[in-house]
Amino acid sequence: MDIYGSILSPFAARVVLAARYKGIPHKLLLPKGGIKSPAFLKMNPMGKMPTIKDGPTVLFESGVILEYMDAKYKKKPIVPAAVKAAAQARLIGAIFAEYVQPAMFGLFAQTDPAKRDQKVVDEKLAALTQALDAAEKLMVAKPFAAGARFTIADCYVAPALFFLHAIIPQVSSEPVLGKRPKLKRYYAKAQKQKLLGGVMDEMGEAMKAYMQQK
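First, a word on scope: everything that follows refers to the structure included in this document. (Residues numbered from 1 in each chain as written. Predicted model: local features only at pLDDT ≥ 70, side-chain atom pairs only at ≥ 80, totals over all residues. Heavy atoms only, no water.)

1. Section: the overall build of the protein
What the protein contains, in helices and strands, is eight helices and four strands. Traced from its N-terminal end to its C-terminal end, the protein shows the element sequence β-α-β-α-β-β-α-α-α-α-α-α. Against the 2.2 N^0.38 benchmark of 17 Å for 214 residues, the protein shows a C-alpha radius of gyration of 17 Å, consistent with a compact globule. For the protein, the C-alpha atoms occupy an extent of roughly 50 × 45 × 25 Å along the three principal directions. Expressed as a percentage of the 214 residues in the protein, the buried residues total 48%. Nonlocal contacts in the protein, meaning residues at least 24 apart in sequence, comprise 66% of its contacts between residues at least 6 apart. Looking at charge distribution, the protein has the averaged site of its 32 positive side-chain charges lying 6 Å from that of its 17 negative ones. (Helix = DSSP H or I, 4+ residues; strand = E, 2+ residues; numbered from the N terminus. Rg over C-alpha atoms; globule rule 2.2 N^0.38 Å. Buried < 20%, exposed > 50% of the residue type's maximum accessible area, 1.4 Å probe, protein only. Contact = heavy atoms within 4.5 Å. Lys, Arg positive; Asp, Glu negative; His and termini not counted. Charge placed at Lys NZ, Arg CZ, Asp CG, Glu CD.)

The following block contains the structure:
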């Protein structure tokens, strides 16, 4: 399987986490000519990453890719078999995808003090607080996001928490995860866990390289 994307992207990191957990042979690639090249736009007319090519199958949108991978590659499922547990894992993922990350990326645009709009920062921090409070209620964090084993929820949570710890200190003096013991416990354990910690370490190296190029 070819995964087109950068490990620094939380969207691509989701797919890489699932592929590594499930033991799917894969390569992480950047598209030749960039994401707006004719060849890449032929695969993904939206011109975004991640995109995968799995034999004759080409897919984009990380959520769709994760579901495809789990349906095709049955070993080590990331979606729990029980209906309630599957919904819970997906819901945790959705909170991070639909609420945490948009607020987080809004803050990323405000990290330069010279160009900062404090009103926007306050609005995004308020939205982030609401989203993280919801996540805290849903998270199990014993030790994984939805319980005792890795699930689709972890594909969303770990990359987002990496970015939160990179961005929030640049715009706020408040603790990144505040008084949220489950999220704090999860992040601390994830950093030490081989799969999650390994991907976050790679994201950190990619972040350093990106900042050096700026």
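The structure having been displayed, the exposition proceeds.
2. A look at the nonpolar core
Taken as a class, soluble globular proteins show a tendency for nonpolar side chains to be buried jointly. In terms of nonpolar packing, the biggest core is built from 67 residues, with M69, F96, F150, L164 and Y186 touching the most fellow members. Counting only elements with at least two residues in this core, the list comes to α1 (10-22), α3 (62-72), α4 (83-108), α5 (118-138), α6 (152-171), α7 (181-192) and α8 (194-213). The element that contributes the greatest number of residues to this core is α6, accounting for 14 residues. Each residue touching F96, except ones within four places of it in the same chain, is listed here: Q101, P102, A135, M139, Y156, V157, A160, L161 and L183. (Core = buried A, V, L, I, M, F, W, Y, C linked by side-chain atoms within 4.5 Å.)

3. Quick notes on the packing of α1 against α3
Closest axis-to-axis distance for the α1/α3 pair is 9 Å, and the angle between their directions is 10°. Accordingly, the angle class assigned to the pair α1 and α3 is roughly parallel. Every residue of α3 that contacts α1 at F11, R14, V15, A18, A19 and K22 is listed here: S62, I65, L66, M69 and D70. Of the residues that constitute the contact of α1 with α3, the class distribution is seven nonpolar, one polar and three charged. (Axes fitted to C-alpha atoms, helices over the stretch in contact; angles between N-to-C directions. Parallel < 35°, antiparallel > 145°, perpendicular 65-115°, else oblique. Nonpolar A, V, L, I, M, F, W, Y, C, P; charged D, E, K, R; others polar.)

4. Some thoughts on the sheet that holds strand β3 (residues 51-54)
Overall, mixed pairing links the four strands, which are arranged β2-β1-β3-β4 in an open sheet. This sheet does not close on itself; its edge strands, each paired only once, are β2 (27-29) and β4 (57-60). The mean angle between the axes of side-by-side strands here comes to 20°, regardless of whether they run parallel or antiparallel. One ladder, built from four bridges, connects β3 with β4; its direction is antiparallel. (Pairing = 2+ DSSP bridges.)

5. Some points on the environment of L66
Note on placement: L66 falls in helix α3. Each C-alpha atom, one on L66 and one on K189, is 23 Å from the other, the two residues being 123 residues apart in sequence. When neighbours within four sequence positions are excluded, L66 is seen to be in contact with R14, V15, A18, I78, I152, C155 and Y156.

6. Observations concerning α1
Along its 13 residues, α1 runs 18 Å from first to last C-alpha, staying within 8% of the 18 Å computed at 1.5 Å per residue. Counted residue by residue, α1 has eleven buried out of 13 residues, so it is predominantly covered. Buried residues of α1: P10, A12, A13, R14, V15, V16, L17, A18, A19, Y21 and K22, and no others. Directly after α1, the chain includes G23, whose backbone phi takes a positive value near 75°. (Expected span 1.5 Å × (residues − 1).)

7. Brief notes about the environment of V100
Considering the arrangement of structural elements, one finds V100 in helix α4. Note on V100: relative accessible area 0%, which makes it buried. Separated by 22 residues in the primary sequence, V100 and D122 have C-alpha atoms spaced 15 Å apart. Not counting residues up to four positions away in its chain, the partners in contact with V100 are I95, L128, A131, L132 and L164.

8. Remarks on the environment of K124
Turning to its location among the elements, K124 is positioned in helix α5. Separated by 108 residues in the primary sequence, K124 and V16 place their C-alpha atoms 28 Å from one another. Setting aside residues up to four positions removed in sequence, K124 forms contacts with A103, G106 and L107.

9. Some thoughts on the side chain of D154
You can see D154 is positioned in helix α6. The charged side chain of D154 is buried without a salt bridge, its nearest counter-charge being R149 at 7.8 Å. A distance of 2.9 Å separates a polar atom in the side chain of D154 from the backbone nitrogen of T151. (Salt bridge = Lys/Arg side-chain N within 4 Å of Asp/Glu carboxyl O. Polar contact = N/O pair within 3.5 Å; in protein donor to acceptor, adjacent residues only side chain to side chain.)

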